[in-house]
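# Overview (structure and organization)
Each chain, written out:
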Amino acid sequence: MKFLIPVVVFLLLAGASCTYNKEEELYGLACDTSNVRYSVEVKNILDANCVSCHNASNPGAGLNLRDYNVVKTSALSGCLIGSVKQIAPCVPMPPINKLSSCQIQQLDKWVKSGAPNN
Ligand code: HEC
């Protein structure tokens, strides 16, 4: 029965690498959505791409995206994700450009976990 061991090891490795490839295709290796926090990942994305047009003195569409409560309300009931995924009837955001798929996945993950102030 000793000959079975390399066969089993091979099958395990083949299986593992297969799963790995699928994940790589679906999510991109560099995209970490395991721990998306408002105070770090979400805020960085909004600061870099959104708050120039959505701040307290210039709240585009009435949205000050520097304010957690506004972001949360938009996330849970508004077009925050619809806009960055560019899904009608939400207005595509940011207007010129699109977030990377990783940034969209991170926002999506945060919204789906209830948009916590973490
Ligand atoms: C260049 C300026 C600009 C940038 C950058 C920008 N927005 Fe906007 N945003 C606007 C304006 C102007 C409106 C109102 C558009 C309208 O009603 O046609 C708007 C509307 C919205 C709305 C309401 C959409 C709807 O369909 O109700 C959301 C949500 C939003 N923006 C989120 C974002 C997010 C998230 C980002 C960053 C990823 C972003 N915006 C970047 C200018 C901007």
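Residues numbered from 1 in each chain as written. Predicted model: local features only at pLDDT ≥ 70, side-chain atom pairs only at ≥ 80, totals over all residues.

## Thoughts on the environment of His54
Relative to the elements of secondary structure, His54 occurs in the loop between helix H2 (38–49) and helix H3 (68–77). For the pair His54 and Leu65, spaced 11 residues apart in sequence, the C-alpha separation works out to 5.4 Å. With residues up to four places along the chain from it excluded, the contact list for His54 reads Pro59, Gly60, Leu63, Asn64 and Leu65. (Helix = DSSP H or I, 4+ residues; strand = E, 2+ residues; numbered from the N terminus. Contact = placed C-beta atoms within 7 Å.)

## Description of the environment of Tyr38
Along the polypeptide, Tyr38 turns up in helix H2. A count of 17 C-beta atoms within 10 Å places Tyr38 in the partly exposed class. Once you skip the residues sitting within four places of it in the chain, Tyr38 turns out to touch Lys43, Tyr68, Trp110, Pro116, Asn117 and Asn118. (Buried ≥ 20, exposed ≤ 12 C-beta atoms within 10 Å, placed from the backbone.)

## Examining the site of the ligand
Taken together, 20 residues are adjacent to the ligand, and Cys50, Cys53, Gly60, Ala61 and Met93 come closest. Here the shell around the ligand takes 3 residues from helix H4 (residues 80–84), the largest share from any one element. For the shell around the ligand, the per-class residue count stands at 13 nonpolar, 7 polar and no charged. (Near = placed C-beta within 6 Å. Nonpolar A, V, L, I, M, F, W, Y, C, P; charged D, E, K, R; others polar.)

## Examining H3
Of the residues making up H3, those classed as buried are Val71, Ser74 and Ala75. Down the axis of H3, the sector holding all buried residues measures 100°, keeping them to one side. Exposed and oriented more than 90 degrees from the buried face of H3 are Asn69, Leu76 and Ser77. Contact partners of the buried residues in H3: H2, H4 and helix H5 (101–112). (Arc of directions from axis to C-beta.)

## As for the environment of Lys112
With respect to the helices and strands, Lys112 occurs in helix H5. Along the chain, Lys112 and Leu76 lie 36 residues apart, while their C-alpha atoms are 8.5 Å from each other.

## Section: the nonpolar core
Val42, Ile45, Leu65, Val84, Leu107 and Trp110 are the most contacted members of the largest nonpolar core, which has 14 residues in total. The contacts of Val42, once residues within four sequence positions are left out, are Val36, Arg37, Leu107 and Trp110. (Core = buried A, V, L, I, M, F, W, Y, C linked by C-beta atoms within 7 Å.)

## Quick look at the packing of H2 against H5
In the contact formed by H2 and H5, the axes pass within 10 Å of each other and the chain directions differ by 130°. One element, H2, and the other, H5, form an angle in the oblique class. In the packing of H2 onto H5, the handedness of the crossing is left-handed. On H5, the residues that touch Tyr38, Glu41, Val42 and Ile45 of H2 are Gln103, Gln106, Leu107 and Trp110. Grouping the amino acids of the contact of H2 with H5 by side-chain chemistry returns 5 nonpolar, 2 polar and 1 charged. (Axes fitted to C-alpha atoms, helices over the stretch in contact; angles between N-to-C directions. Parallel < 35°, antiparallel > 145°, perpendicular 65-115°, else oblique. Left-handed = near helix turned anticlockwise from the far one by under 90°.)

## Regarding unusual backbone geometry
The omega angle of the peptide bond from Ala88 to Pro89 is 5°, so this bond is cis rather than trans. Omega for the peptide link from Met93 to Pro94 comes to -15°, which places this bond in the cis form. Among the secondary structure elements, Pro94 is positioned in the loop between H4 and H5. Phi is positive for Asn97, which is not a glycine, with a value near 115°. Here Asn97 is to be found in the loop between H4 and H5. Despite not being glycine, Ala115 shows a phi value in the positive range, around 50°. Counting through the fold element by element, Ala115 comes out in the segment after H5. Taking the number of C-beta atoms within 10 Å as the measure of exposure, Ala115 has 19 and is therefore partly exposed.

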